Amino acid sequence: MSVRLPAALAALILLAGCSSAPSKAPAPATPAPAPAPVAPGTPADDNLNAVAWSQTAIEHDLIYLQTYRDAQARLLAAKADPNWDALPKGDRVAPAKGLAPAVVLDIDETVLDNSPYQARLVKSGGEYNEADWAAWCKEQRARALPGVVAFTQFAAKHGIAVIYISNRAKDLDQDTLANLRKEGLPVSGPEAFLGLGTFVEDCDQVGTEKGCRRQLISHKYRVLMQFGDQIGDFVTVLANHAEGRQKAMAPYMDWIGTRWFTLPNPTYGAWDPALFNNDWTAPRDERRRQKIQSLRFD
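Residues numbered from 1 in each chain as written. Predicted model: local features only at pLDDT ≥ 70, side-chain atom pairs only at ≥ 80, totals over all residues. Heavy atoms only, no water.

Engineer: Help me understand the packing of helix H4 (residues 115-124) against helix H5 (residues 130-139), please; the structure alone is not making it clear to me.
Structural biologist: The description of two helices packed together rests on the angle between their axes and the distance between the axes. In the contact formed by H4 and H5, the axes pass within 10 Å of each other and the chain directions differ by 140°. Between H4 and H5, the interaxial angle falls into the category oblique. Read as a crossing pair, H4 and H5 show a hand that is right-handed. Residues Pro116, Tyr117 and Arg120 of H4 lie in contact with H5, whose contacting residues are Asp132, Trp133, Trp136 and Glu139. (Axes fitted to C-alpha atoms, helices over the stretch in contact; angles between N-to-C directions. Helix = DSSP H or I, 4+ residues; strand = E, 2+ residues; numbered from the N terminus. Parallel < 35°, antiparallel > 145°, perpendicular 65-115°, else oblique. Left-handed = near helix turned anticlockwise from the far one by under 90°. Contact = heavy atoms within 4.5 Å.)

Here it is as structure tokens:
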């Protein structure tokens, strides 16, 4: 049991104790430890967030699903309209009337998901090179993107040819076709894949532009729809800078979502070098500086 003193008596005892205690200087404060040296930061990889989003964000998959489902809902109406054609005027070198119907798709990041290749570059700190890219293609491990198998099988079921125009090199055709077949995509034969290096008579190939190959298709097919992750998948881009890219698309804006279907690719594409004057010889830091300079801050 505790004993409680009257409040007044307790106060007197406390005062007496205070007056008799010797005065004491406060102890000096212990000096704070010196901050640990800060380790150099890991250099930012411009592609890390883009690849992570492509692989893990459900929003990425939903965009593909809604694009291919919307296209499928419109496909048979396009087929029934004899005047419907999805080739730009410059690529339609033969009249479309009476030709067999087709859909034209880019492959990489439109049909097949190559994000594991991009993830390897992020992990290694490297950049794209043709030898590593070809080795990845030969692995035949790229997965079909959401919605594309159902759409292309629907097209084939209704007598619509499925044509793939890709900037994969022509000598990767057998590995590419095998990868497509593994993923359940319809492949009618070697002519279904028009890779970079496909010879087109009376047409001069300019860089990686696909115009000559679209012209080749125009002799045999009426194209109902085109699909791609870059505007070069639809139309020839004469000047790869912001104004030139806008100019290339301006005549066809009404076709977006009806004849042309664009898909997201934040990991690579012609939009990237357009930000540093297409100068791949510039050091990586300089390219990054110019890309930051292109950003809007208000």
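Engineer: Whenever I open this one, the sheet that holds strand E6 (residues 221-228) confuses me. Can you help?
Structural biologist: Taken in spatial order, the 5 strands of this open sheet run E5-E4-E1-E6-E7, and their pairing is parallel. For this open sheet the edge positions go to strand E5 (193-196) and strand E7 (260-262), each flanked by a neighbour on one side alone. Across this sheet, the average inter-strand angle for adjacent strands is 20°, counted without regard to direction. Summarising the sheet, strand E4 (residues 161-169) and E5 pair through 3 bridges and their orientation is parallel. Along E5, the bridge assignment pairs Ile165 with Leu194. (Pairing = 2+ DSSP bridges.)

Engineer: I tried to follow helix H8 (residues 211-218) on my own but got confused; where do I start?
Structural biologist: Residues separated by three or four positions in an α-helix point in the same direction, a consequence of the helix having 3.6 residues per turn. Taken across its 8 residues, H8 has 7 buried, putting it largely inside the fold. Buried residues of H8: Gly211, Cys212, Arg213, Arg214, Gln215, Ile217 and Ser218, and no others. Contacts from the buried residues of H8 go to strand E1 (100-105), E4, E5 and E6. (Buried < 20%, exposed > 50% of the residue type's maximum accessible area, 1.4 Å probe, protein only.)

Engineer: Would you explain helix H9 (residues 242-249) in this entry?
Structural biologist: Within H9, burial applies to Gly244, Arg245, Ala248 and Met249. Taken end-on, H9 shows its buried residues confined to a sector of 130°, consistent with a single buried face. For H9, exposure combined with an orientation more than 90 degrees from the buried face picks out Glu243, Gln246 and Lys247. Those residues of H9 that are buried lie in contact with E7. (Arc of directions from axis to C-beta.)

Engineer: What exactly am I supposed to notice about the confidence of the model for the protein here?
Structural biologist: In regions of low pLDDT, the predicted coordinates are not meant to be interpreted in detail. When the pLDDT values of the protein are averaged, the result is 89; 86% of them are 70 or greater. pLDDT under 50 marks residues 1-26. Its contacts with residues more than four places away, or in other chains, come to 2 contacts. (pLDDT = per-residue confidence, 0-100.)

Engineer: Sorry if this is basic, but what is going on with the state of the cysteines here?
Structural biologist: Two cysteines whose sulfur atoms are joined by a covalent bond form what is called a disulfide. One pass over the structure, following the stated rule, counts 1 disulfide. Note that Cys203 is cross-linked by a disulfide to Cys212, the S-S spacing being 2.0 Å. Its torsion about the S-S bond being -85°, the disulfide of Cys203 and Cys212 is classed as left-handed. Taken individually, Cys203 and Cys212 each receive the classification buried, so the pair is uniform in this respect. (Disulfide = S-S within 2.5 Å.)

Engineer: Where do I start with the pattern of salt bridges in this structure?
Structural biologist: Opposite charge on two side chains lets them pair, provided their charged atoms get close. Going through the model one piece at a time under the given rule, you end up with 16 salt bridges. With its nearest N and O atoms 3.4 Å apart, the salt bridge here joins Asp70 to Arg74. Of the two residues, Asp70 and Arg74 both sit in helix H3 (residues 58-80), 4 residues apart, roughly one turn of that helix. In this structure, the salt-bridge partner of Lys170 is Asp173, at a minimum N-O distance of 3.5 Å. The class for Asp173 is buried, based on a relative accessible area of 17%. Overlapping salt bridges bring together Asp46, Asp272, Arg288 and Lys291 as one network. (Salt bridge = Lys/Arg side-chain N within 4 Å of Asp/Glu carboxyl O.)

Engineer: Is there a simple way to explain empty space enclosed by the protein in this structure?
Structural biologist: To find leftover empty space, one rolls a probe the size of a water molecule over the atoms. One pass over the structure, following the stated rule, counts 1 cavity of 30 Å³ or more. Quantified by volume, the largest cavity comes out at close to 80 Å³. Ser54, His60, Glu109, Asp113 and Ser115 are the residues nearest the centre of the largest cavity, which is lined by 13 residues in total. Every element with two or more residues in the lining of the largest cavity is listed here: H3, strand E2 (112-113) and H4. Across the lining of the largest cavity, the residue classes tally to 5 nonpolar, 6 polar and 2 charged. (1 Å grid on protein atoms, 1.4 Å probe; cavity = no way out; pocket = protein on both sides within 12 Å on 5 of 7 lines; lining within 4 Å. Points joined across faces, edges and corners; volume = space filled by probe spheres on them. Nonpolar A, V, L, I, M, F, W, Y, C, P; charged D, E, K, R; others polar.)

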